[in-house]
Amino acid sequence: MAQILIKDLYKSYGETPAVRGINLTIDENEFVVLVGPSGCGKTTTLRMIAGLEHITAGEIYIGERLINDVPPRDRDIAMVFQNYALYPHMTVHENMSFGLRLRKLPKDEIGRRVREAAEILDIGELLDRRPKQLSGGQRQRVAMGRAIVRNPDAFLFDEPLSNLDAKLRVQMRTEIKLIHQRVRTTVVYVTHDQVEAMTLADRIVVMNDGVVEQVAPPQEMYDHPATRFVAGFIGSPAMNFLPCKLTGNGSGLSVILSDGIRLNVPANRESRYRDYADRDLMFGIRPEHLTEQRQHTNAEQQDFTCKVGVLEPMGIDTMVFMNIEGADVCARAAPRSVKGPGEDMMFTIDMQNMHLIDPESDRIL
Amino acid sequence: MADTSAATARARVSASRAGEKSRTSWLTTQLEDERVLGYVLLVPAFLLIIVFIAYPFALGVWMALTDKVVGQPGSFVGLANFAKLLDSDIFRTAAWNTVFFTVVATAIKAALGMWLAVLLNRKFRLSRVTRAAVLLPFIVPTVLSTLVWLWMLDGTFSVFNWILRWLWDLELSVFGLVVKEDFGYIRGPNWLGDPAWAMGSIIMANVWRGLPFFAISFLAALQTVPTELYDAAEIDGASGWRKFWNVTLPMIKPVAIVVVVFSFVVTFADFQLVYVLTRGGPYNSTHLLATLAYQISMHAGNLGEGAATALFMVPLLFVVIVLQLTYLRRIGVD
Ligand SMILES: Nc1ncnc2c1ncn2[C@@H]1O[C@H](COP(=O)(O)OP(=O)(O)OP(=O)(O)O)[C@@H](O)[C@H]1O
Ligand SMILES: [Mg+2]
């Protein structure tokens, strides 16, 4: 229930930098997900917010308060760890109430809060068990219970679902969302799973190599990635990238992917791209915007032919892999429409959803 | 004709192979049965225990029931040795001394050992070297290191007393005091010669010698505590002291109990150190059951009574060990 403000946050372990200048404002009651590949500094950032890691440079505010030198116990935050970090020698009830007992809350208040949290998490029956006697999913709930009873200013989650099996992970994901709707609090959630990020976040923060690549709500992140990294990271299967040339064609612009594939740039993008004409650029298109040939529903859909390489049926769609000028390209086609490997197939590409990347800056134009 | 004989020969060979195979497979099946294999594997350890523990122990029990003295066969006297011991002042002193010595020394070792382990568990420069150095008192032969203690605690040459004197001098010169009555120099205690100090002195030496075992065992246990638990405790609001009480101690409790009980048993039966330092003196103030048993049997030659003295240690240790095992079984449930 407080805003978190991160200013020029920097962290290095000895010589090696782990976090290199992060700026971020997390609003009250907002659910923010830090996502990025392994080693990009997500955990380090979270632990600095928690106070478990010394801040090399920069400032963190929770509410109005600068908390750089405030020890974790005075920060009023709760954290859920990847391995749950439940105290093995305490029962579930003792685990959940430990923080409250340390803060010397009255007994009946502690009991009331633990019962409430247990009810939210549906673990009322487990209160007398030890962590060893719980399944992974139940431990996960207890770890969240321990955070909820504290009623903190902010919740920090570090990959809380990564130790669960795929099915349970999806279930708990939904549950975390429900709990956040019930217990409205500021949440900072770390994951390396972009689906988790998309489904949970009010806003996603994509990190790479110690810096923030982009901060945006999930749909905006998907529709308008800011950099090539974000474009490739968000969305599954990943966006296709092909080297291309942008040329003028009389009044408009077109993208040349190969001798046979020449695509017209939508008229509404021309002013945006005009300065880059006659340059070597990177063309980006998501598999879902590259389909079997269809009846065009807008003027920007165009057809081209290409030889099918490999097919990967997914049930609802079939992924069609092909090769265009050395680049592997994936299309998402209706299962009954695909041709066999080696055969020519007609595709429809929706240029309304195209992206152009400047290879020098890796930024999306 | 030749053909058939070759065929029979081949048949015979294969038949004998089959027999061999069935014999080895009988052994294999037997050994695959865990009940059988278990006993087979136990045999060597069992033999060792019989030869080196059970037999001497039985011999000791038998001796305690006789009036055997050195050089003569003893005759059965029942519990007379025990009755006599219970009646003797020196035995009661030794029994009390043993309990006092063991409890105090073990408590100090456990407390200091925990403290040392927590310090050594931190990362600092040369921490590996320091950890290794802590083991030193443990690896030097006891008799050797005890001789050094004997020297350090010597009534005249005690290094402690020299330091005391030096500090006293320093104090005089720092504060510019003029002492009217000249004591010459401050005399430290007669560490081993004064009954009031002797027990403290042997406890000190025992603590020095036993501390590494505690420190290293506790350190090993500390390193198994997951660091996330400390992170979690810190976020839950625990101070350093609270983390120790509510996380560290419960987590290493099983190991700590085994270590304490083990050390308790060893300290209870300690002989070398006390024997070298004081031989039980002065005025029996440091006599323990072990040194008393040695004195009775080896000096007085009274083997039966000596064995009875030593046997008195058994019931006490038995109680301690049973308590430990019950406790470990109880916490082993979860
Ligand atoms: N205690 C440490 N000592 C030295 N380097 C560290 C330490 N912790 C992290 N690092 C380094 O800092 C960088 C960021 O680590 P961090 O744990 O924040 O990554 P992450 O984004 O959480 O990755 P993952 O998804 O694998 O958990 C990594 O390069 C890592 O090697
Ligand atoms: Mg991490």
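Scroll up for the structure.
Residues numbered from 1 in each chain as written. Chains lettered and ligands numbered in written order. Predicted model: local features only at pLDDT ≥ 70, side-chain atom pairs only at ≥ 80, totals over all residues. Heavy atoms only, no water.

What follows deals with the nonpolar core. Counting 58 residues, the largest nonpolar core has I4 and I60 of chain A as the members making the most contacts within it. In terms of residue count, the dominant contributor to this core is helix 9 (residues 195–222) of chain B (6 residues). The contact partners of I60 of chain A, leaving out residues within four places of it in the chain, are I4, L5, I6, L9, M48, I49, I55, R65, L66, I67 and N68 of chain A. In this structure, I179, L200, M221 and Y222 of chain A belong to the second largest nonpolar core, which totals 46 residues. (Core = buried A, V, L, I, M, F, W, Y, C linked by side-chain atoms within 4.5 Å. Buried < 20%, exposed > 50% of the residue type's maximum accessible area, 1.4 Å probe, protein only. Helix = DSSP H or I, 4+ residues; strand = E, 2+ residues; numbered from the N terminus. Contact = heavy atoms within 4.5 Å.)

Moving on, we come to the site of ligand 1. All names here are of chain A. Taken together, the neighbourhood of ligand 1 is formed by Y13, A18, S38, G39, C40, G41, K42, T43, T44 and E159. Side-chain polar atom of Y13 to a nitrogen atom of ligand 1: 3.4 Å apart, as the coordinates give it. For ligand 1, an oxygen atom lies 2.5 Å from a polar atom in the side chain of T44. Contact with the protein chains removes 57% of the 640 Å² of surface that ligand 1 exposes when unbound. (Near = heavy atom within 4 Å. Polar contact = N/O pair within 3.5 Å; in protein donor to acceptor, adjacent residues only side chain to side chain. Areas by Shrake-Rupley, 256 points an atom, 1.4 Å probe, with all protein chains shown as cover.)

What follows deals with the pairing of strand 7 (residues 154–158) of chain A. Sheet faces and side chains relate simply in a regular strand, where the side chains alternate between the two faces. All names here are of chain A. The buried count for strand 7 comes to 5 of 5 residues, which makes it a mostly enclosed element. Of the two faces of strand 7, the one lined by A154, L156 and D158 and the one lined by F155 and F157 are each fully buried. Pairing geometry for strand 6 (residues 77–80) and strand 7, over 4 bridges, is parallel. Counterpart to A78 in the pairing with strand 7 is F155. Bridging between strand 7 and strand 8 (residues 186–191) involves 5 bridges; their strand directions are parallel. Its bridge partner being in strand 8, A154 is matched across the sheet by T186. (Pairing = 2+ DSSP bridges.)

Attention now goes to the side chain of T91 of chain A. Residues and elements named next belong to chain A. You can see T91 is positioned in the loop between strand 6 and helix 2 (92–102). Its relative accessible area of 14% is what places T91 among the buried residues. Not counting residues within four places of it along the chain, the set of residues in contact with T91 comprises L127, D128, R129 and R130.

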